[in-house]
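Letter by letter, the chains look like this.
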Amino acid sequence: MSVNGDTASISGIDSNDQQAAYIFTRHEDVPVLPAKRRRGGRSSINGLHHDAAEIRFESLMGGIEGPEFVDLRMKLYRESWGATEGRIQTILEAANEDTLSKVTDFVLNTTIPEGMGTLPTGFIATGPSIASQSLLFKQIAGRLKSQINGPVVTLRSGDATNLKAALKQIIRDTTHQGVDPVDDDYMLAGHDGPNLLNYDLELLHRYVVAHNSERVVVAFQDSEAFDPVLLADIIKLFDCWIDRLPFTLLFGIATSVELFHERLSRAASRCLYGTQFDVEQTSSILERVFQVIVGPYVPLRLGPNLLSSLMARQHDHVQSIQVFTNSLKYAYMFHFYTNPLSILTQPRKKTDETIQSLQPLHIQTVRELPSFRRLIEALIGDGDKDRSIHAQDMLQNNSILLKEMEIYSCMNSTKLLNLWRRMCVLTRSNKMTLSKIELYLQAFKGTLNGSDTVRGILDSIKHMAPGDLISLVDTITGVVKTGDSDYQLEGWLQDDQEFVSKLQDLRMKTLKLYDEAKKAGKPVRSSYAAHHKGVRTTVIAQKVQLSYEKSTLSKHDLEFTGVVDSLTVVLKEYLTFDQPQTWFLSEVWITDFVSPSKDVFTPRPRHVLENSLSNPSDKLPGCDPSVEILSSSTAPTAILYNMYLESGSIINIADLKTSFFSIMEGEDSDDLDEKTLLMLFYQALAELKLLGMIKQSRKKVDHLAKSAWRGL
Amino acid sequence: MLSLPNELLLSTINSAFPCRQQIIRSLAILLSLKTSKNIVLYGSNATGKSAIAKAVLGLLSKSLPNQGTTLRHAIIRTAECITPRHLVEKTVRAVADVVGYKASNRCESTSQMVNELEKMAFWMQSQHSYPSSRLVLAFDGIDRQSMHTAALPALAKLAELIPGVTCVFIVTNAMNGFLHAPGVPHIHFPSYTKAELQQILSHIVPTPQLSGGEGETKDVWFRFCGIVWDSLSKHSSADLVSMRSLCFRLWPRFIRPILDGTHTAKEFSKVMVVSKYLFQDEAALVPSIVSEAKIPIGTDVPRTMPHGIASQLPYYSRLLLVAAYFASHNKPATDQLFFMKGAAPKRRKKGGGTAKTRTSISNHRKISRKLLGPQAFIMERMLAIFSAILADADGRGKYAKGRAFGDVAGSSDVQMAIATLMSLRLIIKTSNSGDVLEGTSKYRVAVNWDVIRAVARSVGVEPEDYLEE
Amino acid sequence: MPKGILTPSGRKRGPKPRKSVIFQDIEEKDLGFKDLPDYSSKNKIADISELQLPSDDDVEDEEPDVVADVENEAGAESDESDELACSICNSLTSKRGNQILLCDRCDFAVHQQCYMLPKVPEGEWLCQVCEAKREDLALEPVTALEEISSKLPDIRGFEHHLQTMQTFLLGRLTGECRMPLHGHDEEMEKLHQVVKQTVLAGEGNSMLVIGARGVGKTTLVDAVISDLSDHRDNFHVVRLNGFIHTDDKLALKDIWRQLGREMEIEDDSKATANDTLQSLLALLSHPSELAEIDEGHTTKSVVFILDEFDLFTTHPRQTLLYNLFDIAQARKAPIVVLGLTTRVDVAEALEKRVKSRFSHRYIHLSLPRSIPAFRDICKGSLTTSIEDLQAAGFDVELDGMSEFVAYWQTMIDDLCKEHVFKYHLETLFYKTKSTPEFLTSCILPVANLSTKNFPLKAKAFVASNTSLSAPDSKLHILQGLSELELALLISAARLDIILDTDTCNFAMVYDEYCSLTSRHKIHTSSSGMTALGAGVKVWGRDVALGAWERLADYDILVPAGVGGTSARDSGTVGRMWKADVALEEIAGSVSGLSFAMAKWCREI
């Protein structure tokens with residue numbers, strides 16, 4: 001808005017009838033302002049026409065980065081983003097599949113029982129994200145056109161401002177859907193007599209007769225945005241025609257059908273016979289999209305801070321996949337544009353080649369990486385001799401560093417894979433479904449180790465009966481063997497041999513105990529489970545109970561307890577996650593900068609404006625913060641604004657002017673004559689006006705009314 | 001010579017429309033007089049005006065020829081005409097179709113219509129061998145659209161200007177002299193009484209039928225209709241159509257015990273008692289626009305619960321909506337009391353919710369503010385209230401807890417949220433002037449208290465604390 | 001048994017109700033009734049006493065509930081034997097031989113003598129009106145018009161004559177062929193002069209004919225035109241109607257068309273309004289040009305008949321009027337402009353320049369002033385003469401025709417003697433004074449005549465189920481309303497009074513409704529009338545909203561101006577409405593109103 005504000009103020013000023021202020025000019029560039037603006041406009045125009053080839057990333061590292069790397073970064077960006085975007089798109093299209101089929105089915109065969117209204121109507125409850133509606137309705141229209149015999153028209157509130165316009169739109173769209181437009185035009189022109197008015201539904205009727213259509217589907221995309229009265233009129237009109245035109249209505253409902261019903265007049269809603277269709281909500285789609293963007297194999301990942309801020313925005317401000325995708329894209333772009341090392345996010349082989357061909361400055365950058373520093377510290381940390389020597393080599397000898405980089409980059413991928421596998425196991429071994437996004441965040445924040453989730457699982461194991469235990473073990477081993485589609489993992493048996501084997505023989509033991517116990521006819525339970533059978537109130541009672549339990553524990557129980565303990569141990573030491581950001585070279589494939597995307601996507605124009613006006617010294621390098629604001633040295637607009645802040649709700653222009661003059665002329669009234677001051681005053685005033693802060697007051701003549709409140 | 005419609009023919013219509021003999025007869029007489037000009041049929045909804053007119057006209061145009069005159073009629077459903085010009089064109093077209101005349105040029109105005117009709121009338125006279133041939137134009141529901149009422153006097157003049165033309169106006173509400181023509185015969189269609197309604201409905205055989213066959217079904221149906229009238233229709237909507245649909249809706253549930261065999265059709269009173277609830281809940285009177293048979297989507301998808309916006313809208317949008325409600329329902333003067341920083345909740349406890357909006361009757365009474373509906377407010381005020389309640393709201397329903405309020409204020413997201421609320425018509429812009437997000441343009445909230453309460457609770461705001469009265 | 005003064009009647013009536021009733025009808029009756037009392041006090045001849053019937057009787061019809069109510073709230077149980085006034089002479093004296101009788105149905109009280117009853121009748125006695133009502137109620141609707149009548153005069157070809165007569169009369173009744181004007185001879189003469197001057201002497205003239213609807217303006221003009229029919233071929237007639245020709249452009253086109261049709265000028269539809277006007281002016285103002293358009297014609301005068309003249313004054317700049325008047329005044333061409341309008345002050349609507357060119361000639365046609373005059377007109381409209389029939393092109397040579405006409409004459413005469421018929425006439429007179437209304441009311445009775453149902457009886461006119469009269473107000477809708485709708489309407493009407501803003505929105509009304517109903521419920525349950533209380537149910541908001549919309553749909557609620565743009569958005573619920581019926585109207589116009597609602601209508 002600040003930018004807009006400037007251009008607007010320019011346009012405003014020469015549209016303002018205050019040209020007089022510009023006859024006398026202090027800066028010579030003022031008169032050419034319009035020309036400038038036009039030029040700017042043109043450039044912005046053909047800015048659109050830039051085709052992708054011309055756009056090149058800037059060369060980084062002070063321009064020393066070789067062009068091949070620049071192009072490589074760009075290429076990588078294009079590839080990786082393209083892939084991700086493609087996957088997201090497929091998900092989005094798949095998400096509506098269910099709804100689509102149901103709607104089509106509904107349109108094709110609905111019969112209305114006696115006395116239930118006349119117009120078959122589908123209410124498609126797309127959540128409050130209006131942006132997603134257009135895609136959905138495009139899909140619906142496409143589907144229906146292919147499935148049913150008859151026209152399909154989608155109305156947006158923009159097209160239909162009044163009844164006439166709506167009807168025109170409907171008829172136009174219908175007739176242009178015809179397989180043979182020429183014939184249609186002829187027919188619609190009406191071979192008998194003068195042709196009909198272009199909003200006469202008779203036209204539609206002729207069309208329907210000519211193509212003997214079974215259905216006429218009219219879809220109201222954003223039905224809430226329609227004027228309810230208009231909607232009622234349309235519905236009633238359709239009701240009049242229902243005997244000749246087989247209408248079917250579809251409404252996109254963003255809020256709720258109840259609200260919609262409440263707004264619609266009873267007379268109209270009596271005509272409707274509706275069915276509600278629910279569209280998959282944004283949140284669940286988001287989960288799916290998320291799984292796509294953070295697989296074990298994607299080249300780039302979002303860091304926890306960035307991701308959580310994005311999620312927060314999704315949840316608190318705008319619920320729409322489109323927005324999320326945009327910010328995601330921006331994150332990709334930002335990473336590849338700014339990070340010279342992003343060239344290392346490539347499949348293994350390529351990465352090695354690249355690593356070999358790195359420029360010295362790249363290596364320098366690597367050495368400046370925090371993760372590198374962490375690595376070195378780790379090496380030196382324990383006073384081991386050769387490790388410190390190794391560290392020294394890495395610091396001094398490029399070749400060694402490069403070798404290390406190769407090693408680490410491949411090690412990272414394996415570590416990452418393991419991380420994912422463990423997360424997968426964690427999810428599976430857990431009873432309740434936990435949000436993968438949460439899991440991911442915890443893992444990357446490094447808080448997953450010994451987190452509630454893990455502990456919860458371990459505790460639950462302790463209280464398990466043998467049967468549950470066995471099933472749990474089976475699931476885990478199953479995952480390890482076969483893998484998991486959600487995490488895009490296939491089985492990793494060969495990697496985690498010993499883990500599985502441990503699990504297996506534990507399972508064997510349990511099974512044995514289980515059978516024996518069954519023979520004995522006495523259930524096996526671990527001591528932990530035994531504890532919590534009865535709840536004893538007093539401490540004494542619990543002690544008694546405890547001892548009693550101990551005494552009554554059979555040997556099977558004791559063995560089983562042992563098994564449980566060992567299983568817990570095994571799982572505990574398997575479910576260890578270490579934080580990816582700590583790994584060397586993690587910066588290459590993790591982007592975690594919040595502020596840039598914040599600045600781009602959620603600017604706070606008003607806040608900024610008010611700040612900069614109330615104390616310009618923050619923004620304008622010229623003026624020094626020491627002098628108080630109300631002095632001639634500060635920008636006139638700022639002065640005026642500060643006066644504005646001090647004044648009441650209605651400002652007399654004359655008073656304002658005098659005080660303004662007094663300030664400007666305050667100490668050094670050397671070169672400022674009446675005209676200049678007046679010009680400055682008017683300019684400042686106009687700018688305030690265009691910032692929407694003041695306007696002509698209706699209450700009193702030659703007064704200004706404050707229209708903006710402070711600090712909102 | 002004078003030719004009255006013969007009773008035999010009329011009797012067929014009489015059987016089709018019970019309890020209307022007299023009216024049908026008068027109408028038939030008036031229509032069959034070849035000199036009659038304008039006729040007005042008036043009566044409230046669903047009293048059979050259009051249907052009877054249609055039937056009589058159809059009958060006459062069939063039967064009159066053998067009495068030496070021919071009658072052509074065109075019925076213009078004015079509900080389908082959305083502009084006056086549309087009406088004109090439709091009329092001409094309809095007549096042309098009836099007469100079989102090739103209408104050449106299009107008509108913009110009434111006078112052109114008159115000329116066209118005149119031509120056609122003459123043409124028709126010339127065509128037919130009959131001594132006299134007449135044209136009857138029936139304008140159905142012409143008073144329903146306000147835009148057509150201007151055309152009424154002109155239409156009433158048609159019959160005078162063009163020989164052999166009769167105009168029938170079917171209206172709900174015949175205001176005295178609304179045709180600006182004196183002495184126009186009006187035929188009143190009185191709304192049906194209970195007995196008549198019952199008789200008419202008894203001609204229908206409802207589905208599903210009872211096991212006892214049609215006779216039994218009709219018997220039960222008849223008495224059932226009577227009860228429906230007494231318990232529901234009489235009070236809520238006393239016209240035929242709504243009552244019929246009501247009966248159809250209730251019938252299956254009413255006879256379920258009979259079909260299940262728990263009761264026989266004979267013991268009507270018992271069935272009555274069993275299904276008493278049907279006649280007590282008024283849900284039957286306001287059928288939801290969504291039919292009961294909802295198609296459930298896969299279980300994992302969260303269904304939209306009633307007033308789903310409470311759960312679906314983003315956090316800040318919800319807060320904004322609540323703020324808008326407060327701004328609409330509080331006097332600006334009281335804002336300081338309710339929203340000033342550090343104003344204690346106790347001071348806010350005042351009046352306490354909606355419990356006591358029932359104002360007692362007295363000869364001079366203040367209209368309680370709640371009844372007056374939402375008032376307009378300016379955007380800035382709403383934003384201020386928003387920030388106030390944002391500071392007070394506990395972070396319930398928020399993604400990341402404990403984020404400073406500062407970085408939300410004036411951020412583009414808030415403005416976008418407002419725009420969204422507006423496009424959903426949860427907030428309505430009342431002042432035409434001014435930019436959409438301009439500080440001084442006026443708005444009004446468009447959701448009722450129940451929704452707001454749900455929304456407010458979902459974001460951890462106690463709405464009663466902030467509302468006066 | 002006859003109701004003497006001393007026999008207690010079922011219905012008590014105190015002094016107050018009578019007052020309120022009188023008060024009521026003074027309020028409601030129009031001038032026709034206002035001047036009534038002194039009129040009647042002057043001289044008490046029979047038919048004037050009749051003249052009072054309708055008034056009181058209307059009251060009886062309209063106000064019984066109010067009467068009952070007032071008395072209930074007053075609680076004044078007064079014995080009827082005091083102050084039971086004869087509703088004709090308003091005197092209270094009831095002595096033997098001239099007792100005050102009470103109608104057994106409507107408790108209409110009247111002196112024997114005032115009502116011309118020589119002796120107290122035996123058995124049940126009904127006043128004339130109830131008598132008539134009773135009869136047509138007694139009749140089965142279909143057979144109503146087919147009871148065999150005894151005395152058919154033996155006139156040859158009776159049936160044929162009857163049909164002839166019916167056809168002729170019906171033509172007249174439906175306004176197809178104009179009925180002769182009564183008592184407007186001098187106006188006619190005036191108009192005739194003017195038109196004649198133009199047609200024969202070639203003067204330009206302009207004149208306004210002013211009169212209420214249905215008084216016969218058009219008839220007058222037509223009569224004049226037809227009088228001049230022997231000169232028909234040297235003048236044209238152009239008829240314009242303000243309703244149809246809504247702007248000058250259309251009017252011009254149509255003038256052109258009509259002239260064109262008469263003088264075979266090809267009308268080019270493509271011509272713009274302006275040059276149509278030009279050529280028209282040329283055509284009119286320089287008649288010599290007519291010569292080449294079609295020779296043989298000498299200059300012809302044109303008679304412009306502007307119906308609904310006042311609407312033409314609303315056209316922008318009154319171009320048409322200006323030009324016409326200009327031509328007429330400047331004697332450019334022999335044209336006469338006849339403006340027909342109902343507005344007396346129409347001349348004020350003319351612009352100055354137009355006004356200055358208008359020769360301020362007016363003809364005022366007035367409605368029949370007195371009942372006798374009105375009756376004569378009506379009678380004349382039902383009777384006819386051989387000549388008229390002949391003129392209408394019927395074959396009057398058939399034998400028995402003349403007898404039949406004569407017979408018919410007598411029949412109409414004694415029809416007019418019947419009380420009920422008089423009553424019918426007077427009702428019409430007080431309501432509208434318009435002859436067309438009467439004619440319309442005659443259509444069915446005349447049409448229903450047949451050999452089986454011959455002599456035209458008065459009761460055929462008052463038979464309510466066949467009346468073709470227009471409704472007086474939109475109150476007739478109230479009868480069809482459901483109880484909830486009525487209750488809401490009453491609440492709205494109450495609000496108008498209680499909080500003296502005449503607008504209300506749904507929330508307010510529903511609130512009022514709820515409070516009323518719940519209070520009534522409490523009351524009934526407390527007084528143990530739970531049986532009644534069952535009927536009392538506070539309907540939910542949604543149901544009420546539906547009812548509210550129906551009310552709005554029937555225009556019983558009219559949208560109030562306030563609300564402005566918000567009204568558009570908030571539909572029926574949010575916007576402000578205005579109840580179009582007053583509280584006191586409701587109770588009267590709904591029969592079978594429940595006691596509770598009647599109470600709500602009565603007391604605030």
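This one's a predicted model, so the numbers in the text were calculated from it and none came from an experiment.

Caption draft 1: Quick look at the overall build of chain B. When you go through chain B residue by residue, the secondary structure sums to 19 helices and eight strands. Taking all 469 residues of chain B together, the buried fraction comes to 58%. Taking all contacts inside chain B whose residues are at least 6 apart in sequence as the whole, residues at least 24 apart take part in 70%.

Caption draft 2: Spatial organisation of the overall build of chain C. Per the secondary structure count, chain C includes 29 helices and 10 strands. Relative to its full complement of 604 residues, chain C shows a buried share of 54%. Sequence separation of at least 24 residues holds for 71% of the intrachain contacts in chain C that already meet a minimum separation of 6. For chain C, the exposed surface amounts to about 26200 Å²; the carbon and sulfur share of it is 55%.

Caption draft 3: Fine view of the sheet that holds strand β8 (residues 442–445) of chain B. Residue and element names in this part refer to chain B. Across the sheet, which stays open at both edges, the three strands sit in the order β6-β8-β7 with antiparallel pairing between neighbours. Looking at which strands have only one partner, the edges of the open sheet turn out to be β6 (377–378) and β7 (427–429). Relative to β8, β6 runs antiparallel, the two being bridged by two bridges. Residue pairing for β8: F377 is matched across the bridge by Y443.

Caption draft 4: Structural detail: unusual backbone geometry. Phi angles above zero are rare outside glycine, and L585(A) is one such case at about 70°. A positive phi angle is found at H180(B), which is not glycine, with a value near 55°. Structurally, H180(B) can be placed in the loop between β4 (165–171) and β5 (186–188).

Caption draft 5: Summary view of the packing of helix α10 (residues 201–210) of chain A against helix α11 (residues 228–241) of chain A. All names here are of chain A. For the pair α10 and α11, interaxial distance at closest approach is 12 Å and the crossing angle is 45°. One finds that α10 runs oblique with respect to α11. Relative to α11, α10 is oriented so that their crossing is right-handed. Contacts between α10 and α11 involve L201, E202 and H205 from the first element and L237, F238 and W241 from the second.

Caption draft 6: Seen up close, the nonpolar core. Residues and elements named next belong to chain A. One finds I293, M405, W420, M423, I461, F499 and F584 to be the most contacted residues of the largest nonpolar core, which totals 101 residues. Per-element tally for this core: the top contributor is helix α21 (residues 398–429), with 12 residues. Ignoring anything within four residues of it in the chain, the contact list for M405 reads L344, I355, L358, V366, F584 and L585.

Caption draft 7: Representation of empty space enclosed by the protein in the model. Residue and element names in this part refer to chain A. Under the criterion given, the structure shown has 15 cavities of 30 Å³ or more. What the second largest cavity holds in volume is close to 180 Å³. Lining the second largest cavity are 17 residues, with N96, S132, V279, E280 and I285 positioned closest to its centre. Sorting the residues of the lining of the second largest cavity by element identifies α5 (67–95), α7 (131–147), α14 (282–293) and α16 (321–338) as the ones contributing at least two each. Among the elements that take part in the lining of the second largest cavity, α7 stands out by supplying three residues, more than any other. Counted by class, the lining of the second largest cavity contains seven nonpolar, nine polar and one charged residues.

Caption draft 8: Region of interest: the packing of aromatic side chains. Tallying each qualifying case throughout the model produces 55 aromatic pairs over all chains. A centroid spacing of 5.7 Å and a plane angle of 65° characterise the contact between F123(A) and F260(A), whose relative ring orientation is edge-to-face. Taken as a pair, F123(A) in strand β1 (residues 119–125) and F260(A) in helix α12 (residues 257–263) lie far apart in primary sequence, 137 residues in all. The exposure classification of F123(A) matches that of F260(A), with both residues buried. When the ring of Y440(A) is compared with that of F444(A), the centres are 4.3 Å apart and the planes differ by 25°; the resulting orientation is stacked. Pair noted here: Y440(A) and F444(A) are both in helix α22 (residues 436–445), with a separation of four residues, about one helical turn. With relative accessibility at 0%, the residue F444(A) sits in the buried group. An aromatic cluster of at least three residues, connected via ring pairs, comprises W221(B), F224(B), F248(B), W251(B), F254(B), F268(B) and F279(B). Over the aromatic face of Y574(A) sits the side chain of R422(A), whose NZ or CZ is 4.2 Å from the ring centroid. The residue whose ring lies beneath R353(C) is Y322(C), and the NZ or CZ to ring-centre distance is 4.2 Å.

Caption draft 9: A look at the sheet that holds strand β3 (residues 132–140) of chain B. Residue and element names in this part refer to chain B. In spatial order, the strands read β2-β3-β4-β1-β5; together these five strands make up an open sheet with parallel pairing. This sheet does not close on itself; its edge strands, each paired only once, are β2 (69–77) and β5. Looking at each pair of strands side by side, their axes are set apart by 20° on average, direction ignored. Strand direction decides the pairing type here: β2 and β3, joined by nine bridges, are parallel. When the sheet's bridge partners are listed, I75 is paired in β3 with A138. Against the sheet, helix α3 (residues 49–63) contacts β1 (38–42), β2, β3 and β4, and its axis sits at roughly 155° relative to β2. Packed on one face of the sheet, helix α7 (residues 152–161) meets β1, β3 and β4 and runs near 145° to β4.

Caption draft 10: The arrangement of the side chain of S309(A) in detail. Relative to the helices and strands, S309(A) resides in helix α15 (residues 304–316). Among the polar contacts made by the side chain of S309(A), one reaches the main-chain carbonyl oxygen of L306(A) at a distance of 2.7 Å.

Caption draft 11: Examining the packing of helix α13 (residues 315–329) of chain B against helix α18 (residues 449–458) of chain B more closely. Residue and element names in this part refer to chain B. As a packed pair, α13 and α18 sit with axes 9 Å apart at the nearest point and diverge in direction by 135°. With respect to α18, the axis of α13 lies oblique. Considering how the two elements wind past one another, α13 and α18 form a crossing that is left-handed. Residue-level inspection shows R318, L321, V322 and Y325 of α13 in contact with α18, the latter providing W449, I452, V455, A456 and S458. Residue composition of the contact of α13 with α18, by class: seven nonpolar, one polar and one charged.

Caption draft 12: Local environment of the pairing of β8(B). In terms of strand pairing, β7(B) meets β8(B) through three bridges, oriented antiparallel. Across the sheet, the residue bridging to I428(B) is R444(B), located in β8(B).

Caption draft 13: Structural detail: the confidence of the model for chain C. All names here are of chain C. Across chain C, the average pLDDT comes to 72, with 67% of residues at 70 or higher. pLDDT under 50 marks residues 136–149. Its contacts with residues more than four places away, or in other chains, come to 23 contacts. Contacts from residues 563–568, a stretch scored under 50 in pLDDT, to residues over four places away or in other chains number seven contacts. Our summary of model confidence lists the complex with pTM equal to 0.80 and ipTM equal to 0.80.

Caption draft 14: Examining the pattern of salt bridges more closely. Counted by the stated rule, this structure contains 45 salt bridges over all chains. The salt bridge involving D243(A) is made with R77(B); its shortest N-O contact spans 3.3 Å. Here the residue D243(A) occupies a position in the loop between α11 and β4 (247–253), and R77(B) occupies one in strand β2, the pair thus bridging two chains. On the basis of relative accessibility, which here comes to 53%, the residue D243(A) falls in the exposed class. Classification of R77(B) as partly exposed rests on a relative accessible area of 32%. The shortest N-O distance in the salt bridge between E80(B) and R77(B) comes to 3.5 Å. By relative accessible area, E80(B) is classed as buried at 4%. Where salt bridges share partners, they join D200(A), D243(A), R244(A), R77(B), E80(B) and K90(B) into one cluster.

Caption draft 15: Focus on helix α8 (residues 185–201) of chain C. All names here are of chain C. Taking 1.5 Å as the rise per residue, α8 with 17 residues should run 24 Å; its terminal C-alpha atoms sit 23 Å apart, in good agreement. Residues of α8 that are buried: E187, M188, L191, H192, V194, V195, T198 and V199. Buried residues in α8 make contact with β3 (205–211), α9 (217–227), β4 (235–241), β5 (301–307), β6 (335–341) and β7 (362–365). One or two steps after α8, the chain reaches G202, where phi turns positive at roughly 70°.

Caption draft 16: Layout of the environment of I130(A). In this structure, I130(A) sits in the loop between β1 and α7. For I130(A) and R421(A), which are 291 residues apart along the polypeptide, the C-alpha to C-alpha distance reads 37 Å. Once residues lying within four places of it in the same chain are set aside, the contact partners of I130(A) are T420(B), S423(B) and L424(B).

Caption draft 17: Helix α20 (residues 419–431) of chain C, seen in detail. Residue and element names in this part refer to chain C. For α20, with 13 residues, the first-to-last C-alpha span of 18 Å sits near the 18 Å given by 1.5 Å per residue. Counted residue by residue, α20 has 11 buried out of 13 residues, so it is predominantly covered. What α20 keeps buried is the set V420, F421, K422, Y423, H424, L425, E426, T427, L428, F429 and Y430. Within two residues after α20, K433 carries a phi angle of roughly 65°, on the positive side.

Rules of the game
Residues numbered from 1 in each chain as written. Chains lettered and ligands numbered in written order. Predicted model: local features only at pLDDT ≥ 70, side-chain atom pairs only at ≥ 80, totals over all residues. Heavy atoms only, no water. Helix = DSSP H or I, 4+ residues; strand = E, 2+ residues; numbered from the N terminus. Buried < 20%, exposed > 50% of the residue type's maximum accessible area, 1.4 Å probe, protein only. Contact = heavy atoms within 4.5 Å. Areas by Shrake-Rupley, 256 points an atom, 1.4 Å probe, with all protein chains shown as cover. Pairing = 2+ DSSP bridges. Axes fitted to C-alpha atoms, helices over the stretch in contact; angles between N-to-C directions. Parallel < 35°, antiparallel > 145°, perpendicular 65-115°, else oblique. Left-handed = near helix turned anticlockwise from the far one by under 90°. Core = buried A, V, L, I, M, F, W, Y, C linked by side-chain atoms within 4.5 Å. 1 Å grid on protein atoms, 1.4 Å probe; cavity = no way out; pocket = protein on both sides within 12 Å on 5 of 7 lines; lining within 4 Å. Points joined across faces, edges and corners; volume = space filled by probe spheres on them. Nonpolar A, V, L, I, M, F, W, Y, C, P; charged D, E, K, R; others polar. Phe/Tyr/Trp six-rings, centres within 6.5 Å; stacked < 30°, edge-to-face > 60°. Lys NZ or Arg CZ within 6 Å of the ring centre and 35° of its normal. Polar contact = N/O pair within 3.5 Å; in protein donor to acceptor, adjacent residues only side chain to side chain. pLDDT = per-residue confidence, 0-100. Salt bridge = Lys/Arg side-chain N within 4 Å of Asp/Glu carboxyl O. Expected span 1.5 Å × (residues − 1).

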